[in-house]
Amino acid sequence: MTSLPVAAVGDAAVGTPPAPAVGYVGLATRIVSFTIDAALITFVDIIIGVGAALILSLLHIPHDLRVVLAAIGAAAYIVGSIAYFAIFWATTGQTPGARVMQIRVLTSDGARVKPRWAILRCIGVVLAALPLFAGFALILFDSRRRGFQDVLARTVVVDAPGPSIADVSRAKKRAIYEASRGLPPASPE
Amino acid sequence: MTDDERARSRSGVLSPVIGLGTRAATATLRPVVGVVESAAGAGLRLQRRAVDRVLESDELERVVIVAVNSVHIQDAFRLALESDGAAKLVDNLFDSGLIDRLFERLLESEALWHLIDEIAASPAVTAAISQQGLGFADQVGDDVRARSRKADDWMERAARRLIGRGPTKAIPAEPDASTP
C-alpha cells in the first residue's frame with residue numbers, strides 16, 4: 001500500500017515536528033467498505049420489510065393506503081440509510097464496513113466530522129453517484145484521494161489501524177476471567 | 001448307656017481339667033507373647049521408618065537419575081526395543097485382536113461419549129473454537145485489507161496513466177491530521 005504523506009489544510013508550520021504519515025484510503029478499499037455497509041443495511045431492511053409485509057397481510061387494508069404505506073416505507077429506507085451513515089461518521093467516524101476495513105472519515109484537519117457535515121457528505125455521495133459515478137472517480141486523481149463527497153463536506157478518509165475483532169474478544173474474555181478470579185488487570189503488552 | 005452318653009460323661013469330667021491347663025498355659029506364655037508382639041511391632045515400625053527415610057532421601061532420587069542417565073541402561077532399553085522379541089510382542093498384541101476389542105468396547109461405551117460431550121460443551125473448548133473462528137475471520141480480513149490497498153494503488157496508477165499524469169506528488173505534513 002502506498003502511504004501518502006499527511007495532507008495539509010494550510011501550509012505546515014515552520015519548525016513544527018513532522019506528523020506521522022497518514023495513509024489516505026483509495027477507491028477499492030472504500031468500495032469494499034461501502035459494499036459491507038450496503039449489505040448490512042439491505043439485510044436489516046429485508047428483515048423489517050418482510051416483517052411489515054407479514055403484519056400487513058393479516059390486515060384488510062385498502063389499496064390506496066397500501067400505496068401510502070409503501071411510500072412511507074421507501075422514505076423510511078432513505079432516511080434510515082442516511083441516518084446510518086451520518087450517525088456513524090459523526091460519532092466514531094467509522095461505519096461497520098469501515099471498521100472491518102480499518103478506515104475512518106475525518107475532517108481535513110483531522111477532527112471528528114460534525115453531524116451536519118456528515119449529512120452533507122451523505123448527500124454528496126448521492127450526487128457523486130448520479131453522473132455515472134464520476135464523482136467517485138475524483139478519488140483516483142486527487143492528491144488526498146478525496147471524492148466529490150469529501151470535497152463537499154471537507155473530509156478525508158484515512159487508515160485507522162486498530163485491534164482486530166479477535167483481539168477485542170480475547171481482551172474481553174481475559175477481563176471477565178480476571179474479574180471472576182479477583183486478579184489485578186494484566187498490564188498491556 | 002450308649003457310647004455317645006459315655007463319651008459325653010467323660011468329657012464332662014475332663015473339661016475342668018482341660019480348662020485349668022489352658023489357663024495355666026496362657027498365663028505362662030503371656031509374657032513371652034507380649035515380648036514377641038512388641039518385637040514384631042518395633043520391627044515393623046523400624047522397617048516403615050527405613051522405607052520412609054529412603055523415599056524421602058535425595059539419595060534415591062540421585063540413584064534413579066544416575067540409572068536413567070546410565071549409558072548401559074539406555075543401551076539395554078534401546079536393544080530391547082529394537083529386538084525381534086519386542087516387534088513380535090507388538091505384532092502379537094495387534095494380531096490377538098485385543099486392541100480392536102478395546103477400541104470397539106470404548107466406542108460402544110456410553111461413558112466415553114458422555115465424556116466427549118462434556119469436553120465438547122466445556123467453556124474452554126467452546127472459547128477455543130470461537131477464538132479459532134475469530135482468528136480465521138481476522139486472517140481473511142487482513143488479507144482483504146492488504147489486497148484492497150494494493151488495488152487502491154493499482155487503480156490510481158492505471159487512472160493516471162490513462163490521462164497521462166504522473167504519480168501523486170508528495171505534499172507537506174500537517175501535524176493535526178492524525179488518526180485519533
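None of these values were measured; they are calculated from a predicted model.

1. Side note on the overall build of chain B
Then, in step 1: The helix and strand inventory of chain B stands at 7 helices and 0 strands.
Then, in step 2: For chain B, the sequential pattern of α-helices and β-strands runs α-α-α-α-α-α-α.
Then, in step 3: The buried share among the 180 residues of chain B stands at 3%.

2. Digging into helix H3 (residues 71-82) of chain B
Given 3.6 residues per turn, any residue in an α-helix points the same way as the ones three and four places further on.
Then, in step 1: Helix length check: H3(B) (12 residues) gives 16 Å between terminal C-alpha atoms against 16 Å at 1.5 Å per residue, within 8%.
Then, in step 2: With respect to burial, H3(B) is a largely exposed element, only 0 of its 12 residues being buried.

3. Observations concerning the confidence of the model for chain B
Residue and element names in this part refer to chain B.
Then, in step 1: Per-chain confidence: chain B averages 79 in pLDDT, with 84% of residues scoring 70 or above.
Then, in step 2: Low pLDDT, under 50, characterises residues 170-180; the predicted model gives this stretch 38 contacts beyond four residues in sequence or across chains.
Then, in step 3: This complex was scored by the predictor with a pTM of 0.57 and an ipTM of 0.74.

4. Focus on the packing of helix H2 (residues 63-91) of chain A against helix H4 (residues 115-129) of chain A
Residue and element names in this part refer to chain A.
Then, in step 1: Relative orientation of the contacting elements H2 and H4 amounts to 135 degrees, with a least axis distance of 8 Å. With respect to H4, the element H2 is oriented oblique. Judged by the sense of rotation from one axis to the other, the crossing of H2 with H4 is right-handed. Contacts between H2 and H4 involve Ile82, Phe85, Ala86, Trp89 and Ala90 on the former and, on the latter, Pro115, Ala118, Ile119, Arg121 and Cys122.
Then, in step 2: Residue composition of the contact of H2 with H4, by class: 9 nonpolar, no polar and 1 charged.

5. Regarding the nonpolar core
All names here are of chain A.
Then, in step 1: Of all hydrophobic cores here, the largest spans 28 residues; its most connected members are Tyr24, Trp89, Ile103, Val113, Ala118, Val157 and Val158.
Then, in step 2: Of all the secondary-structure elements, those providing two or more residues to this core are helix H1 (27-58), H2, helix H3 (96-101), strand E1 (103-107), H4, helix H6 (148-153) and strand E2 (155-159).
Then, in step 3: Tallying contributions element by element places H4 first for this core, with 5 residues.

What counts, and where the lines are drawn
- Residues numbered from 1 in each chain as written.
- Chains lettered and ligands numbered in written order.
- Predicted model: local features only at pLDDT ≥ 70, side-chain atom pairs only at ≥ 80, totals over all residues.
- Helix = DSSP H or I, 4+ residues; strand = E, 2+ residues; numbered from the N terminus.
- Buried ≥ 20, exposed ≤ 12 C-beta atoms within 10 Å, placed from the backbone.
- Expected span 1.5 Å × (residues − 1).
- pLDDT = per-residue confidence, 0-100.
- Contact = placed C-beta atoms within 7 Å.
- Axes fitted to C-alpha atoms, helices over the stretch in contact; angles between N-to-C directions.
- Parallel < 35°, antiparallel > 145°, perpendicular 65-115°, else oblique.
- Left-handed = near helix turned anticlockwise from the far one by under 90°.
- Nonpolar A, V, L, I, M, F, W, Y, C, P; charged D, E, K, R; others polar.
- Core = buried A, V, L, I, M, F, W, Y, C linked by C-beta atoms within 7 Å.

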